[in-house]
Amino acid sequence: MAAPRQEQISPQISPETAVLDYDVIIIGAGLSGMYQLHRLRELGLTVRVFETGTDVGGTWYWNRYPGARFDSESYSYGYSFSKELLQEWEWSEHFAGQPETLRYCRYVADKFDLRRDIAFECRVASAIYQDEARSWAITLASGARATCRFLITAIGPLSTPTLPRIEGRDSFRGQSFHTARWPKQKVDFAGKRVAVIGTGATGIQTIQTIAGEVGHLTVFQRTANWAAPLHNGKIDAETQAAIKAGYPEMFRRCQETFACFVHTPDPRGAFEVSDEEREAFYEKLYGERGFGIWQGNFRDILIDRTANATISDFVARKIRERVKDPAVAEMLIPKNHGFGTRRLPLETFYYEVYNRDNVGLVDLNETPIERITQEGIRTSDKDYPFDIIIYATGFDAITGSFDRIDFRGSSGALLKDKWQHGPETYLGLMVDGFPNMMMLMGPHTALGNIPRSIEYSVDWVTGLLRFAQAKGLTLLDATPEGTAGWTDHVKALGVGLLSNEVNSWMTGINTNVEGKQRRIVARYSGSAPAYRAKCDEVAAKGYDELRLA
Ligand code: NA7
């Protein structure tokens, strides 16, 4: 790809006379950036996408760790915008693995000829708004620069991996990997002594996948997480045909459900049924595929502590049944948060891994890591020698990918400063004082089944830019009132949710990042239909809640 032209904007220039490299720059060629590029071509705009990786796919490009796969049904996760694509592409499993999903992303890029507008291996270092020219000046890590009228961030809510701040980390002489920076070549685990630090969704997928391959595996767990069975399986020809025929109906359902999954809360409360019925319902959910036990459970399990205790007790019993050593089972049962109050990892024989002779579990609350040594990991209890250390330690979520780009809005205001007490956004899509910048899957948007949310946000942004084009607008900005109003609304929606009382990436906590030890409301936690209704209303009213010029 050609490097962007090195143009500078004179500070005196007006919006009309500014010569800009592109109408739109999109940062990121993951699922959001790819679809946004596709949609903007309809408007005849000149668009450039800058992507750090060497290929499309975002999350599915970076997260190549063993066992990485969907927890949403494959068919409900793919793009819905092209009937042809839906009929052409065949998911091989109900929950596809990362290699297949990356192939899917590449297939989409080829089919829609996306790569010609994407510059790979281009990390955006700064994005600075030029008040006079009403444009953005982008500088890449390479020093190359480019300008555009509109800037769209498609940088992902979980794309900034974080390593633990443990003394001696760089002194380790073996191999070490963060799961989100996994090497492209296969890692040989045969006969190796392997450590995994972290037991979130990623750690669980990694652990259950490599346990049978390694010589010995030691899992370092700081917080036990609730997990439930994925129940993955191959898709046979008959089911494939039914899936393809059923796409319109399935996507219609995803539009109606709370978080765009095929699952949605049961209208009943946990105590509106008898004990026997409740137990039977939990048993049924535990035996079913995917997020049903989390997203399709009784309506009150994520807001009512006593209701939550019933499902937590049920899953704890399952863990005790599945793990032979009662002491290990107790270590694996979370004691500091209820079921589903953190993002639920889905597993395939994860608990049975701890019945293997070659797997050990270390509780870091009992014996904390003191340092990484040249040979391995030293806890307060002993030295563990390793050949490989795997960091499944998560991400600086939601705001982290913004923090690592120097965003400066009108009059040089820093986005980091504006968000120092937590994100402030308008509809999760814009921020006042950062004109002509739109965010896809930024803070305060409905996340849920992410591609469904992506498609909605991209369509909304496309509508806004079509409107700007039709009206000859060169400035689109949220108002301070609009931003304050939405931010307050998002905070109010979070009140009473048990998940907001728990430390997790969803509440902005990352012990490995300076300043991220205080809970914030980073996500929109209302229903996706309500979110879309609000955004649709804004569009229908001619975006009159925005400052337009
Ligand atoms: P998560 O869910 O944030 O999990 C990270 C894990 O790493 C979690 O168990 C952490 O323990 C652990 N961790 C992090 N830092 C440390 C240190 N310093 N010492 C010990 N243990 C540590 O990230 P994932 O990648 O699993 O999943 C992120 C999302 O990606 C997931 O929800 C899906 O949506 C896809 P903690 O719980 O903080 O005590």
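Residues numbered from 1 in each chain as written. Predicted model: local features only at pLDDT ≥ 70, side-chain atom pairs only at ≥ 80, totals over all residues. Heavy atoms only, no water.

Digging into the packing of helix 1 (residues 31–41) against helix 15 (residues 450–471)
- Viewed as axis vectors pointing N to C, helix 1 and helix 15 meet at an angle of 35°, and their least axial separation amounts to 9 Å. Crossing of helix 1 against helix 15: the hand is right-handed. Here Leu 31, Ser 32, Tyr 35, Gln 36, Arg 39 and Leu 40 of helix 1 lie close against helix 15, whose contacting residues are Pro 451, Ile 454, Glu 455, Val 458, Asp 459, Val 461, Thr 462, Leu 465 and Arg 466.
- Among the residues forming the contact of helix 1 with helix 15, the class breakdown is 8 nonpolar, 3 polar and 4 charged. (Axes fitted to C-alpha atoms, helices over the stretch in contact; angles between N-to-C directions. Helix = DSSP H or I, 4+ residues; strand = E, 2+ residues; numbered from the N terminus. Left-handed = near helix turned anticlockwise from the far one by under 90°. Contact = heavy atoms within 4.5 Å. Nonpolar A, V, L, I, M, F, W, Y, C, P; charged D, E, K, R; others polar.)

Considerations on the site of the ligand
- Near the ligand you find 19 residues, and of these Thr 202, Arg 222, Thr 223, Arg 342 and Trp 505 are the closest.
- Contact distances for the ligand include 3.1 Å between an oxygen atom and a side-chain N or O atom of Arg 343.
- In this structure, an oxygen atom belonging to the ligand sits 2.8 Å away from a side-chain N or O atom of Trp 505.
- When the ligand is considered free in solution it has 770 Å² of accessible area, and contact with the protein chains removes 83% of it.
- Residues of the shell around the ligand, tallied by class, amount to 8 nonpolar, 8 polar and 3 charged.
- No fewer than three residues from each of domain 1 (22–56 + 114–160 + 397–548) and domain 2 (196–391) sit in the shell around the ligand. (Near = heavy atom within 4 Å. Polar contact = N/O pair within 3.5 Å; in protein donor to acceptor, adjacent residues only side chain to side chain. Areas by Shrake-Rupley, 256 points an atom, 1.4 Å probe, with all protein chains shown as cover. Domains from an automatic or database assignment.)

A few points about the confidence of the model for the protein chain
- On average, residues of the protein chain score 96 in pLDDT, and 98% of them are at 70 or above.
- For residues 1–11, every residue scores under 50 in pLDDT, and the model assigns this stretch 30 contacts once sequence neighbours within four places are set aside. (pLDDT = per-residue confidence, 0-100.)

A word on the pairing of strand 16 (residues 388–391)
- The side-chain alternation of strand 16 yields two buried faces, one formed by Ile 388 and Ile 390 and the other by Ile 389 and Tyr 391.
- Here strand 7 (residues 175–178) runs beside strand 16; their pairing, made up of 4 bridges, is parallel. Each bridged residue has a counterpart across the sheet, and for Ser 176 the counterpart in strand 16 is Ile 389.
- Looking at chain direction, strand 8 (residues 193–197) and strand 16 are connected through 4 bridges and run parallel. Paired with Val 196 across the strands is Ile 390, a residue of strand 16. (Buried < 20%, exposed > 50% of the residue type's maximum accessible area, 1.4 Å probe, protein only. Pairing = 2+ DSSP bridges.)

Here we look at the side chain of Asn 500
- Turning to its location among the elements, Asn 500 is positioned in the loop between helix 16 (480–494) and helix 17 (528–540).
- The buried category is assigned to Asn 500, whose relative accessible area is 19%.

Let's talk about empty space enclosed by the protein
- Scanning the model with the defined rule gives 2 cavities of 30 Å³ or more in all.
- The volume enclosed by the largest cavity comes to roughly 50 Å³.
- Taken together, Cys 260, Ala 446, Ser 453, Tyr 456, Ser 457, Ala 528, Tyr 531 and Arg 532 form the lining of the largest cavity.
- Of the residues belonging to the lining of the largest cavity, the class tally is 5 nonpolar, 2 polar and 1 charged.
- There is about 40 Å³ of room inside the second largest cavity.
- Around the second largest cavity, the lining residues are Gly 78, Tyr 79, Leu 85, Leu 86, Trp 89, Trp 91, Tyr 104 and Tyr 247.
- For the lining of the second largest cavity, the residue count by class is 7 nonpolar, 1 polar and no charged. (1 Å grid on protein atoms, 1.4 Å probe; cavity = no way out; pocket = protein on both sides within 12 Å on 5 of 7 lines; lining within 4 Å. Points joined across faces, edges and corners; volume = space filled by probe spheres on them.)

A word on the packing of aromatic side chains
- By the definition in use, this model includes 39 aromatic pairs.
- Note on Phe 70 and Trp 91: the rings are 5.4 Å apart at their centroids and 65° apart in plane angle, and the pair reads as edge-to-face. One end of the pair, Phe 70, is in the loop between helix 2 (59–62) and helix 3 (74–77); the other, Trp 91, is in the loop between helix 4 (83–88) and helix 5 (98–111), and 21 residues separate them in sequence. The exposure classification of Phe 70 matches that of Trp 91, with both residues buried. (Phe/Tyr/Trp six-rings, centres within 6.5 Å; stacked < 30°, edge-to-face > 60°.)

Section: the sheet that holds strand 7
- If you walk across this open sheet you meet the 5 strands as 7-16-8-9-12, and the pairing is parallel. Strand pairing shows two members of the sheet lacking a second neighbour, strand 7 and strand 12 (359–363), which therefore form its edges. Adjacent strand axes in the sheet meet at a mean angle of 15° when their direction is disregarded.

Focus on the sheet that holds strand 15 (residues 383–385)
- Strands sit in the order 13-14-15 across an open sheet of 3 strands; the sheet is antiparallel. Of all strands in the sheet, those with a lone pairing partner are strand 13 (369–372) and strand 15, marking the two edges. With direction set aside, neighbouring strand axes in the sheet form an average angle of 20°.
- With 3 bridges joining them, strand 13 and strand 14 (residues 376–379) adopt antiparallel strand pairing. For Ile 369, the partnering residue across the bridge sits in strand 14 and is Thr 379.

Description of the pattern of salt bridges
- Within the structure shown, the criterion is met by 44 salt bridges.
- Across the pair Arg 193 and Asp 387 runs a salt bridge whose closest N-O atoms are separated by 2.9 Å. One end of the pair, Arg 193, is in strand 8; the other, Asp 387, is in the loop between strand 15 and strand 16, and 194 residues separate them in sequence.
- For Arg 193, a relative accessible area of 36% puts it in the partly exposed group.
- For Glu 501, the salt bridge is made with Arg 305, and the minimal N-O distance between the two is 3.0 Å. Within this pair, whereas Glu 501 is found in the loop between helix 16 and helix 17, its partner Arg 305 is found in helix 10 (residues 305–322), the two being separated by 196 residues in sequence.
- Linked through salt bridges whose partners overlap, the residues forming this network are Arg 39, Glu 42, Asp 459 and Arg 466. (Salt bridge = Lys/Arg side-chain N within 4 Å of Asp/Glu carboxyl O.)

With respect to the environment of Val 521
- Looking at the element boundaries, Val 521 is found in the loop between helix 16 and helix 17.
- Leaving out residues up to four positions away in the same chain, Val 521 has contacts with Pro 423, His 444, Val 490, Lys 491 and Asn 500.

Concerning the domain arrangement of the protein chain
- Here the domain parsing of the protein chain yields domain 1 (22–56 + 114–160 + 397–548) and domain 2 (196–391).
- On a C-alpha basis, the centres of domain 1 and domain 2 stand 31 Å from each other.
- Of the roughly 1,600 Å² buried between domain 1 and domain 2 on both sides combined, carbon and sulfur atoms contribute 59%.
- Between domain 1 and domain 2 we count 8 residue pairs in polar contact (both at pLDDT 80 or more) in total.
- For the side of domain 1 that touches domain 2, the elements supplying multiple residues, two or more each, are helix 15 and helix 17.
- Tallying contributions element by element places helix 17 first for the side of domain 1 that touches domain 2, with 3 residues.
- Looking at the side of domain 1 that touches domain 2 residue by residue, the classes come out as 7 nonpolar, 11 polar and 3 charged. (Buried area = accessible area lost by both parts, 1.4 Å probe.)

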